[in-house]
Amino acid sequence: MPAQIIQANQTPFNAVPVDPVTLDIIENALRNARIEMDATLVRTAMSPGIREQGDAFPLIADHTGKMIVGQFGSYIGPFLDGFDGTVEDGDLIFLSDPYSVQGAISHSNDWLVLLPVFKDGRLIAYTSMFGHQSDIGGMVPGSMPIHATSIFQEGVRIPPVKIWKQGVYNDDLIRLVMHQTRTPDWCKADLNALIASCRVAARRVIEMAARFGDDVFTSATTLLLERNHRAMKQLIASSISEEPVTFEDYICDDGMGYGPYKIKCTMWRENGRVVLDFAGTDPQSRASINMLLNENMMRMFFGIYMIMIFDPQILFNDGYYDLIDVRIPEGSLLKPKFPAALSGRTHVLGRLFDILGGLLGQKTPEFLNAAGFSSSPHLFYAGTDSQGKWFQLFQIGFGGIPGRPLGDGPDGHSLFPGFTNVPNEFLERYFPLVIERYETVADSGGAGLHRGGNGIDMVYRFLEAGTIAIHDDRWFVPPWGVNGGEPGARARKVLIKADGTQIVVGNKIEDYPVEPGDRLHFITWGGGGWGDPLDRDPALLAKELAQGLVTEQGALRYGVVLNNGAVDAPATEALRAKMRAERGDTGVFNFGPDLETLRANCLAETGLPAPIPPRWANA
Amino acid sequence: MTYRLGVDVGGTFTDLLLFNQSTGAFWRNKTPSTPHDSSEGILNGVTAICEKAGIAPSDVEFFLHGTTVATNAVLEGKGARVGLITTDGYRQVMQIARSFVPGGLAGWIVWPKPVPLAALEDTIEVRGRMDAQGNEIAPLDEAQVRQALTTLRDSGIEALTISLINAYLHGAHEARIAELAAEIMPDIPLSLSHLVLPEMQEYERTLTTVANAAVRPVVGKYVRNLRDRLRGAGMAGSLSLLRSDGGLMSSEKSEEHPVSLLMSGPAGGVTGAIWVGRNAGIRNILTLDVGGTSTDVALIENLEARRQRTTEVGHLSVRASALDVKTVGAGGGSIAYVPELTGALRVGPQSAGAVPGPVAYSKGGTLPTVTDANVVLGYLPENLLGGTFKLDREGAKKAVQTIADALGIGLMEAARGIIDIVNENMFGALRMISVQQGYDPRDFAVMGFGGAGPLHVNAVARLMGSWPAVSPVSPGVLCALGDATTRMRTETARSFSRRVDQTDEAEVLALLDDMAAQTRAELTAEGIAEADVTSQFELDIRYEGQAFEVPLSIDAEVLRRDGLQGVTARFDAEHLRLFTFNMDSAHELVNLRAVAMGPALDLPAQKLEAGNGDPVAAKLRDHELWADGAMVPAVIYDRAKLRAGDIIPGPAIVTEMDSTTLIEAGCTGAVDAVGNILINPN
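In what follows, the accompanying structure is described. Owing to the predicted nature of the structure, the values given are computational and were not obtained by experimental measurement. (Residues numbered from 1 in each chain as written. Chains lettered and ligands numbered in written order. Predicted model: local features only at pLDDT ≥ 70, side-chain atom pairs only at ≥ 80, totals over all residues.)

Quick notes on the overall build of chain A
Short version of the rule: A run of H or I in DSSP counts as a helix once it spans at least four residues, and a run of E counts as a strand once it spans at least two, with each numbered from the N terminus. Computation of the radius of gyration draws on C-alpha atoms, with the globule rule given as 2.2 Å multiplied by the number of residues to the power 0.38. Think of it as a crowd count around each C-beta: if 20 or more other C-beta atoms lie within 10 Å the residue is buried, if 12 or fewer it is exposed, and in between it is partly exposed, with C-beta placed from the backbone throughout. Any two residues are considered in contact once their C-beta atoms, placed from the backbone, lie within 7 Å.
Within chain A, the secondary structure is distributed over 13 helices and 26 strands. Its C-alpha radius of gyration of 25 Å places chain A within 12% of the 25 Å reference for a compact globule of 619 residues. Projected onto its principal axes, the C-alpha coordinates of chain A cover approximately 80 × 65 × 50 Å. Taking all 619 residues of chain A together, 60% fall into the buried category. In chain A, once contacts between residues fewer than 6 apart in sequence are set aside, the share between residues at least 24 apart is 74%.

Here it is in structure tokens:
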């Protein structure tokens, strides 16, 4: 049964005309309020995940729950549909269970607060924000056990509950929740920060409504949604073909030895609407790499990619949702059945962006980017130090950004919005470790006219015994190149024991013990290349050799011969001619070797056994 | 007679303001800038203004200067070629930066990554390592250092930066490399991270030190040239430059530490506003400095401008103290347009700049700008005082008509829409520094200056609820006025990073005393008497685990009396104001700073002759302008002829040499005792 909205004042809002200038002013003011939410959060949160890395997402929605500003689209509609309770003045709703909001948040680590904004007894808007908590209990530090087989192993699950109920704070509830986590101080601060951000935005909304009038404000939000609907309709008509296009890509493994898992999407235009059909995607995994994908979130991703690729001037909101039809098969990797584990969904989330890029650019290769939104690699390091103090690090790493129509992919940068790395001096000061190396890996970016960004080699020397966990992907199926560009290098993790023994460890491991003096090379993927590497200016290769970004050997992939740092022009010309003659048609996509070849060479190339093809009872 | 001369060099004009320190009398002059060698324009101005005042250049005791030379060197990539020595494993510290990509989801698709300020090919790593407690865990490999330095020297670098991991705790390795560098490349200027910025965070510290190194040669050359030219013209007085934080420093010091000059330009306007506020009896001010392409805003509370620990220049965020000035891409030259897909009215950030400029300037501009909308609406009358500068109103109308057509509304409505949007953008910037920092704008006045500030200040005051709207004396040369009226300042900082409850108060006091002595010595070395130096401390506090510190100013006496407990209590109050909540977490003392300031100058403004309240003597002519949906009658006044106490009913326009003040319908302007126009709603 849907939520019951209780308003002291039942007068409906009147639709009134809003002049275009006022409309733009309200849109701007809402955007500023959203920026203020981010600023408040970053300044008051405490976990490195949120305060240093920015793993949190705000939104402001209209009184029906449609997002006006924000990033990941509104989950409020689906939430209200499934919430068996009331929404009242003075309430503040708190939740983390993905299954209770149809995947609007996708794992229990994301804590979401939702603040219905009332003015003069009427519900006028919602503000909301969710952020990733460093630990919510469960079977491993960090609460994202890759080998979990059910969501019950992944820490505290919070159904929609009220922290504040008609203005009354529920202290017992917060104490109960905080009792479940290994890092209650961080969680308390981060939750406070999320709430403070929502309150700041709520205050701005009320000020705005007071300034322009409630009817003008609500009419304006409706008009902003309509404006987007119109713009998107036009964009869809001009950019999406009626003829279906299909793209598929893989998650390398599930951390339990099985893989790869296929995600497949077919896209076409039908009666002015876009259909995104995930039929052909593999069934759900027994491990935690499943992603409960909310249809609205997928609509938002699609919309954002459309504008970034075709027209970055437009500002986006929820207004165009009914133009996009998202179809996801039940029981698949993207719509697993309760109580499937979900905590390791980051790999699928990243891969969805590669798939969107591959779909949208297929008919218009000049707009196509290479692959590289490949993962959001995690490292966990936890234990009790020699003074008896618990330490727990959760860190998100970065890899190579793909080659783009605009130019080279930046080396070692973030594909997720707003994320930054943690200063290594900060890590060394607050955790028992030394970061011995923080550099990108030469030649790891895929060769291309615009090369892919290099991945990063980050070397941790651990000073205390403890356990580590690693979640990364793109170690088996490489990030693809486009328009003649080559795939980027794959991710790799190597542990060097104090005695010099080298151990290639998996890219999805849990509870792996480390000893003082152990060194971990945490190596991330390189971005795929864009365009023909044989067309890249040889002088650039000479420069990048001096910069340490490519090697002499690596330059050969571009058909460039370097001698003592200088371009050997005749040799380069000859080599390029030979390569051109020998290679076939380059095609739009270069996925690297096929799966069978990857499997056959896996141990030799990666140091790890090939994943076993997953089997499903009913497949 | 003591004369102070403030000089502000802008892109188009060099503004000068000569101030008689004992009488408060001043003279102003505007002369074209000479970008190939700014000192030429400056000397032209000096000659002219001294003639006006009837003095010789040798009578000028203090030459005080705000400059954008450092800013432009960074923005235009004209800094020196910087070599960088980093710790083994960190060669790409500038290349990777903070891994941050601006924009939202998929923003990476359209982001052009800027080239690092120190090129990767000019960066070399060396072995040797300090840990996070400042202990050496690997000795410096001197043979390798020598080799690296030799390589860099031979490659032709023009400046050297040394920035090693954890050097903020222990600078011994950096110092040793500097010794070797002095041997190997004696003529190359050095910048060391533990001296420029002894604070945690390797990227920010390295960037700041590199920025310092990059602008050093440019600033040094500029300052030496200027000094020589001024001396040549007979000026014997001292030469000081305005720092980003609104204080002055000697030209010699600025050659060593030019990173402190990056926001020198905008700081002048803010310090000028403080001087105006003091004389007008207004202590809380929001500043609105409207130029051709952008608007700078700042908050002044109790005649102190808010400072921040970062200086933003282009895409770089450098760790150096600066006034908290926010910039928005909204100015007189901002272009209005209607994107086809959304049909929305947008203004800026694209600007017509000085060339081709607004259509009304008849210099080849064809796109409608904010200035054109002001002309169409009658806010900028076409025959300005003196008549040297004619505005093309018909051209402006034609350009604004394109916007009206795209929106399907009337010409005047479209023009007013453009003004409303640009005012809204300025309003947004002012909110960021006031409401969003927990200040109530109703406790503040708004002061508009720069070429177009007085034109927009009335409307912005109405949006903010901040009264009065102030059009200061000489709004066009307020930056030069600020240069002339501020005081000397220097500071030093240190990372501390310890919980307050585990900190020995005596140790902190001893450290601060030490730092105070160091900064005081710097000022006394500049010839300031010890008794005239004021010291202040700043402590950065946060809840343990937070990333954001709140800086708290405190003097030595209060610190001794209230102790660190007093400081944490103030932090809690400030945190509550900023973020609406407090926590029971431990407090962490993050950074310590000591500030030393020269004597505060008591520089009075000259009194304006009192009138009888009726401005009729200053009336130039009758006029018409657009207000509340119709053309209404208005009057144009000559500012030079206004008298103290004159009351000007709106709508009215007040013109002067380089600026125009708009008093809106429903408001009244009052001329105060020193010539400022204070506008209030009726």
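Quick notes on helix α7 (residues 202-232) of chain B
All names here are of chain B. So the rule is basically this: Between the first and last residue of a helix there are one fewer steps than residues, each counted as 1.5 Å, and that sum is the expected span. We define the bend at any residue as the angle between the axes fitted to the seven residues before and including it, ending there, and the seven starting there.
Between the first and last C-alpha of α7 there are 44 Å, a value that for 31 residues agrees with the 45 Å anticipated at 1.5 Å per step. Along α7, the sharpest kink reaches roughly 40 degrees, centred on R216 and followed within four residues by the proline P217. With 22 of 31 residues buried, α7 is to be regarded as a mostly interior element. Following α7 by one or two positions, G234 adopts a phi angle in the positive range, close to 95 degrees.

Digging into the pairing of strand β13 (residues 324-327) of chain A
Residue and element names in this part refer to chain A. Selection rule: Pairing between two strands is assigned when DSSP locates at least 2 bridges connecting them.
Burial of the side chains of β13 is restricted to one face: I324 and V326 are buried, whereas none of D325 and R327 on the reverse face is. Direction of pairing for strand β12 (residues 273-277) relative to β13: parallel, over a ladder of four bridges. Across the sheet, D277 pairs through a bridge with R327, a residue of β13.

Brief notes about the pairing of strand β29 (residues 619-627) of chain B
Residues and elements named next belong to chain B. Relative to strand β30 (residues 630-638), β29 is paired through eight bridges, and the arrangement is antiparallel. Residue pairing across strands places K619 opposite Y637, the latter belonging to β30. Remark: two residues form the turn of the hairpin made by β29 and β30, two consecutive strands paired antiparallel; D628 in that turn has positive phi of roughly 50 degrees.

Notes on the interface of chain A and chain B
For the record, the criterion: Polar here means any residue outside two lists: the nonpolar Ala, Val, Leu, Ile, Met, Phe, Trp, Tyr, Cys and Pro, and the charged Asp, Glu, Lys and Arg; Gly therefore counts as polar.
Chain A puts 64 residues into the contact, and the matching count from chain B is 53 residues. Elements represented by at least two residues in the side of chain A that touches chain B include exactly α1 (20-44), α5 (184-212), α6 (214-239), α7 (295-310), α9 (424-430), β16 (433-440) and α10 (538-547) of chain A. Looking at the side of chain A that touches chain B, its residues break down into 27 nonpolar, 19 polar and 18 charged.

Section: the sheet that holds β12 of chain A
Residue and element names in this part refer to chain A. As a reminder, the rule being used: Orientation is described by lines fitted to C-alpha atoms, with helices fitted over the stretch in contact, and by angles between N-to-C directions that extend from 0 to 180 degrees.
On the basis of which strands lie adjacent, the open sheet formed by four strands has the order β10-β11-β12-β13 and mixed pairing. The sheet is open, and its two borders are formed by β10 (245-251) and β13, each paired with just one other strand. Strand-to-strand twist in this sheet, taken as the mean axis angle between neighbours without regard to direction, amounts to 15 degrees. In this structure, strand β11 (residues 261-270) lies alongside β12, joined through five bridges in antiparallel fashion. Bridge pairing in β12 links R269 to V274. Across the sheet, helix α8 (residues 346-361) lies against β10 and β11, angled at about 155 degrees from β10, the strand it touches most.

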